[in-house]
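Survey of secondary and tertiary structure
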Amino acid sequence: MSRHVLDLEVVLGALVGEHERLLRLFDSQQSAMRSLDLRSMETVQRDQEACRLRIAALETRRRSIALTMTRELGLGEMLTLARIAEMHPQRAADLLEARDRLKSAAGKVADRTHVVGRLATAVLGHLNTAVRLVAGAVEQAGVYTKNGTPRAPVRIGVMEAVG
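Attention in this report is confined to the structure presented alongside it. All of these numbers come straight from a predicted model, not from anything done at the bench. (Residues numbered from 1 in each chain as written. Predicted model: local features only at pLDDT ≥ 70, side-chain atom pairs only at ≥ 80, totals over all residues. Heavy atoms only, no water.)

**What about the overall build of the chain?**
The condition that has to hold: Numbering of helices and strands starts at the N terminus; helices are DSSP runs of H or I of at least 4 residues and strands are runs of E of at least 2. Exposure categories follow from relative accessible area, calculated using a 1.4 Å probe and restricted to protein chains: below 20% of the type maximum is buried, above 50% is exposed, and the middle band is partly exposed. By definition in these notes, contact holds between two residues if any of their heavy atoms fall within 4.5 Å.
Of regular secondary structure, the chain possesses five helices and zero strands. Secondary structure elements in the chain, listed N-terminal to C-terminal, are α-α-α-α-α. The buried share among the 163 residues of the chain stands at 28%. Residue pairs in contact within the chain that sit at least 24 positions apart in sequence constitute 63% of those at least 6 positions apart.

**Overview of the pattern of salt bridges**
Test applied: Any Lys or Arg side-chain nitrogen found within 4 Å of a carboxyl oxygen on Asp or Glu counts as a salt bridge.
This structure, assessed with the given rule, holds eleven salt bridges. Here Glu59 and Arg63 are joined by a salt bridge, their closest N and O atoms 3.1 Å apart. With Glu59 and Arg63 both in helix H2 (residues 38-73), this residue pair falls four residues apart, about one helical turn. The partner of Asp94 in a salt bridge is Arg91, and the shortest N-O contact between them spans 2.8 Å. Its relative accessible area of 34% is what places Asp94 among the partly exposed residues. Within the structure, one salt-bridge network assembled from shared partners comprises Glu9, Arg91 and Asp94.

**Focus: helix H1 (residues 3-35)**
The condition is simple: Residue count minus one, scaled by 1.5 Å, sets the expected span of a helix.
The terminal C-alpha atoms of H1, which comprises 33 residues, lie 48 Å apart, in line with the 48 Å expected from a rise of 1.5 Å per residue. Of the residues trailing H1, Leu36 is marked for its positive phi of about 55 degrees.

**Notes on the environment of Leu58**
Turning to its location among the elements, Leu58 is positioned in helix H2. Put simply, Leu58 and Val11 are 47 residues apart on the chain and 6.3 Å apart in space, counted from C-alpha to C-alpha. Not counting residues up to four positions away in its chain, the partners in contact with Leu58 are Val11, Ala14, Leu15 and Glu18.

**Quick notes on unusual backbone geometry**
Phi at Leu36 takes a positive value of approximately 55 degrees, unusual for a residue other than glycine. Within the secondary structure, Leu36 is located in the loop between H1 and H2.

**Quick look at the nonpolar core**
Defined as follows: We call a set of buried Ala, Val, Leu, Ile, Met, Phe, Trp, Tyr and Cys residues a nonpolar core when their side-chain atoms join them within 4.5 Å.
One finds Leu8, Leu12, Leu15, Leu22, Met69, Ile84 and Leu95 to be the most contacted residues of the largest nonpolar core, which totals 25 residues. Among the elements of the structure, H1, H2, helix H3 (81-87) and helix H4 (92-139) are those that each provide at least two residues to this core. Counting residues per element, this core draws most heavily on H1, at ten residues. Residues within four places of Leu15 in sequence aside, it is in contact with Ile55, Leu58, Glu59, Arg62 and Leu102.

Dropping the structure here:
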């Protein structure tokens, strides 16, 4: 059995662990966003970036191991995990299980980032509208009522909200 296969198993296990850590960080981020806790959001964002960098480094290492195995065997195309598992039947079950766990964790991360992205877009959209209302009230001196409160336009068009 090749030491590359064992290295690959270790890297896959670390990748799964980092993806699961990233999922926990997304949960922390969502709770911080719900409570508008800016300090927690900044801390979680920093932790997420560190986790993403570790994932990128592990992915580079995984590809490097696969490339090394490909070159040692003199193959023209890059080895896949399924092909490596076929070549090493004694480790096949562990490799395929690690691959499936990684696919599942990566899919969950993709789903969660989609939800977080949508939430962030909605919050920024509301913030953009509020800033534009305030900016419009400050720019025009004639839009104040007798009580001193700014008078908002009846309707803000799409072009004014994003322009």
